Amino acid sequence: MFEIFGNGIFNVDHELWELHRKTTMSIMGHAKFQTLLERTMWDIVEKGLRPILDAFAEQGKTLDLQDVLQRFTFDSITKLLLDHDPRSLSIDLPYLPYEKASGDAFDALLYRYITPECLWKLQKWLRIGKEKKLIQAWEAFDQFIYPCISRTQEELMHKSTIKDEELAFLTAYIKMYNQWKDGDLGTLQTFLRDTFLNLMFAGRDTTSAALTWFFWLLAENPAVETKIREEIRQQLHVKEDENLKFFNKEESRKLIYLHGALLETLRFFPSVSLENKYPLGHDILPTGHRVSPKTRIILPFYTMGRMETLWGKDCLEFKPERWISERGGIKHEPSFKFPAFNAGPRTCLGKEMAFIQMKIAAATIIHNYNIQLVEPENISPATSIIMQVKNGLMVKVLKRV
Ligand code: HEM
């Protein structure tokens, strides 16, 4: 069903999945990656995000904030993984087919969940409908990612010395490919394509979708926005009329209320709206339902975030406070109650990275700008595996600083 992911982490099991996980964790958990992450994010904020917001603010023009946030996460994940900045976040907001392709791919993959297999397979064979879009998205990705990989490989060959954090992903996955003896991974190029494509899918639209809903929820709950602004000023020691320019991971930890607001956003709008599992054998669920290896069990994360039995009577209120413990830290909720980052062994590997990215983007925008929604009554979720805003989030931007 998910053949577009090839031999990447989402699509494999057992030893190969374990090796993918180990390899990716070893890079993302390294202190040098954290430094690279901070540097990259702030570079993209200063050279990409702020110039665009400033330009739209000056011209008083309407902007699709979801599109801008998708470009923000696309440029950052590509730079971090492949040391290449595609600069989709340029002032003229260029149309880049591969940058837009993931939306079509996620849309088609959700369609496969709800359509009889013989039907989507026929559509695939005939190259029509959503299947046609999936094929086109796949081609667009490949046209982007293969040259990126080759360029990075060449860079690796011609560099006499490379710092630990530079090209770390490429070096680690080439080593992993060479070590793997238990089955066919295809050529090195296809293996690298699969690996990077999975990570790009994992880390891009998830983070931008969460940020987009966050700004919608703030517009609906202005008192929360005021509290976040206050927290930024106090915790980061930045004056009302001063630009917010840089804070590091340690400083970002002090933004507890902002963290709570982001978690609350993911409770209402988990970027991955559902998950599906097949039992290994015949079993009976705690609800009494009998299941077999042929039963597809859909876990509706979106619905779970709004259930009174899980979250109490105020479950439909946007309350960052519910995430703050009596001692003023972040309250832990078990992942089986709050599965926005999945639960069990396949828990998201990029959670910490996502929070750093989201806090940098959110704090920069909240402190430096006012965001006003245009036609807020038209906002609804898109039908896709990734919970984006249908038709984008149209806003006007006003400068505060
Ligand atoms: C708000 C942002 C994010 C959310 C809500 C999120 C959520 C999730 C969820 C629900 C899964 C499980 C998917 C499944 O198996 O069906 C997952 C897996 C994964 N995520 Fe994230 N994610 C986010 C950001 C990121 C980022 C920035 C990265 C970095 C590349 C990342 C890397 C991964 C990886 C590698 C997996 C696969 C883990 C495995 O199968 O062992 N995620 N994420």
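This text follows the structure it describes.
Rules behind the numbers
Residues numbered from 1 in each chain as written. Predicted model: local features only at pLDDT ≥ 70, side-chain atom pairs only at ≥ 80, totals over all residues. Heavy atoms only, no water. Phe/Tyr/Trp six-rings, centres within 6.5 Å; stacked < 30°, edge-to-face > 60°. Helix = DSSP H or I, 4+ residues; strand = E, 2+ residues; numbered from the N terminus. Lys NZ or Arg CZ within 6 Å of the ring centre and 35° of its normal. Near = heavy atom within 4 Å. Polar contact = N/O pair within 3.5 Å; in protein donor to acceptor, adjacent residues only side chain to side chain. Nonpolar A, V, L, I, M, F, W, Y, C, P; charged D, E, K, R; others polar. Axes fitted to C-alpha atoms, helices over the stretch in contact; angles between N-to-C directions. Parallel < 35°, antiparallel > 145°, perpendicular 65-115°, else oblique. Left-handed = near helix turned anticlockwise from the far one by under 90°. Contact = heavy atoms within 4.5 Å. Expected span 1.5 Å × (residues − 1). Buried < 20%, exposed > 50% of the residue type's maximum accessible area, 1.4 Å probe, protein only. Donors = N, O, S within 2.8 Å, 3.2 Å for Na, K, Ca; no water. Core = buried A, V, L, I, M, F, W, Y, C linked by side-chain atoms within 4.5 Å. 1 Å grid on protein atoms, 1.4 Å probe; cavity = no way out; pocket = protein on both sides within 12 Å on 5 of 7 lines; lining within 4 Å. Points joined across faces, edges and corners; volume = space filled by probe spheres on them.

Engineer: Break down the packing of aromatic side chains for me, citing the residues and quoting the values.
Structural biologist: By convention here, two paired aromatic rings are described through the distance between centres and the angle between planes. In total, this model carries 25 aromatic pairs according to the counting rule given. For the pair W213 and W216, a centre-to-centre distance of 5.8 Å together with 85 degrees between the ring planes defines the contact as edge-to-face. Remark: W216 and W213 occur in helix α9 (residues 205–220); sequence separation between them is three residues, near one turn of the helix. Geometry around F268 places R267 over its ring, the cationic atom sitting 4.4 Å from the centre. Positioned above the aromatic ring of W311, the side-chain terminus of K337 is 4.3 Å from the ring centre.

Engineer: An account of the site of the ligand is needed here, citing residue identities and associated values.
Structural biologist: Within the structure, the ligand sits among 25 residues, and W17, R21, E275, R346 and C348 are positioned closest to it. Contact between the ligand and W17: an oxygen atom at 2.7 Å from a side-chain N or O atom of the residue. R21 is positioned with one of its side-chain polar atoms (N or O) 2.7 Å from an oxygen atom of the ligand. Partitioned by chemical class, the residues of the shell around the ligand number 14 nonpolar, eight polar and three charged.

Engineer: Now, about the packing of helix α6 (residues 129–158) against helix α8 (residues 188–203): what can you tell me, with residues and values included?
Structural biologist: For the pair α6 and α8, interaxial distance at closest approach is 10 Å and the crossing angle is 115 degrees. It follows that α6 is roughly perpendicular to α8 by the angle criterion. For the element pair α6 and α8, the recorded crossing hand is right-handed. The residues of α8 that touch α6, namely those facing W138, F141, D142, F144, I145, Y146, I149, S150 and Q153, are L188, Q189, T190, L192, R193, F196, L197, M200 and F201.

Engineer: Outline helix α12 (residues 256–268), listing residues and values.
Structural biologist: Under the 1.5 Å per step criterion, the end-to-end length of α12 is 19 Å for 13 residues, consistent within 8% with the ideal 18 Å. Among the 13 residues in α12, twelve count as buried, and that is most of the element. Among the residues of α12, Y257, L258, H259, G260, A261, L262, L263, E264, T265, L266, R267 and F268 are the ones counted as buried. Tucked inside the fold, the buried residues of α12 contact α9, α10 (222–236), α13 (301–304), α14 (308–311) and α15 (351–368).

Engineer: Break down the coordination of the iron atom of the ligand for me, citing the residues and quoting the values.
Structural biologist: Coordination of the iron atom of the ligand by the protein comes from a single atom, C348 (SG), at 2.3 Å. Its location among the elements puts C348 in the loop between α14 and α15.

Engineer: Explain the nonpolar core residue by residue, including any values.
Structural biologist: With 122 residues, the main nonpolar core has L63, F196, F214, F215, I228 and I232 as its most contacted residues. Looking at this core element by element, the count peaks at twelve residues for helix α2 (residues 31–59). Among all residues touching I232, those that are not within four sequence positions of it are H237, V238, L244, L255, A363, I366 and H367.

Engineer: Lay out empty space enclosed by the protein with the relevant residues and their values.
Structural biologist: Per the stated rule, a full pass over the model turns up four cavities of 30 Å³ or more. Its boundaries defined by the atoms lining it, the largest cavity holds a volume of some 60 Å³. Around the largest cavity, the lining residues are F74, Y98, E99, S102, F106, F141, M200, F201, R204 and D205. Of all the secondary-structure elements, those providing two or more residues to the lining of the largest cavity are α4 (97–114) and α8. Looking at which element gives the most residues to the lining of the largest cavity, the answer is α4, with four residues. Of the residues contributing to the lining of the largest cavity, the split by class is six nonpolar, one polar and three charged. Volume-wise, the second largest cavity comes out at about 40 Å³. Residue lining of the second largest cavity: L266, R267, P270, F301, G305, W311, K337, F338, P339 and A340, and that is the complete set. A per-class count over the lining of the second largest cavity returns seven nonpolar, one polar and two charged.

Engineer: Before we move on, can you summarise unusual backbone geometry with the specific residues and values?
Structural biologist: Unlike most non-glycine residues, H237 shows phi in positive territory, near 50 degrees. Tracing the sequence through the fold places H237 in the loop between α10 and α11 (249–252). The phi torsion at N391 lies on the positive side, around 65 degrees, for a residue other than glycine. Along the chain, the position of N391 falls in the loop between β6 (369–373) and β7 (394–399). Assessed through its relative accessible area of 69%, N391 is described here as exposed.

Engineer: Could you give an account of helix α3 (residues 65–82), naming the residues involved and the relevant values?
Structural biologist: A rise of 1.5 Å per residue sets the reference length of α3, with its 18 residues, at 26 Å; its end C-alpha atoms lie 25 Å apart and thus fit the reference within 8%. Among the 18 residues that make up α3, 17 are buried, leaving the element largely enclosed by the rest of the structure. The N-cap residue of α3 is D64: its side-chain oxygen and the backbone nitrogen of Q66 are 3.1 Å apart. D83 lies just past α3 and shows a positive phi near 55 degrees.

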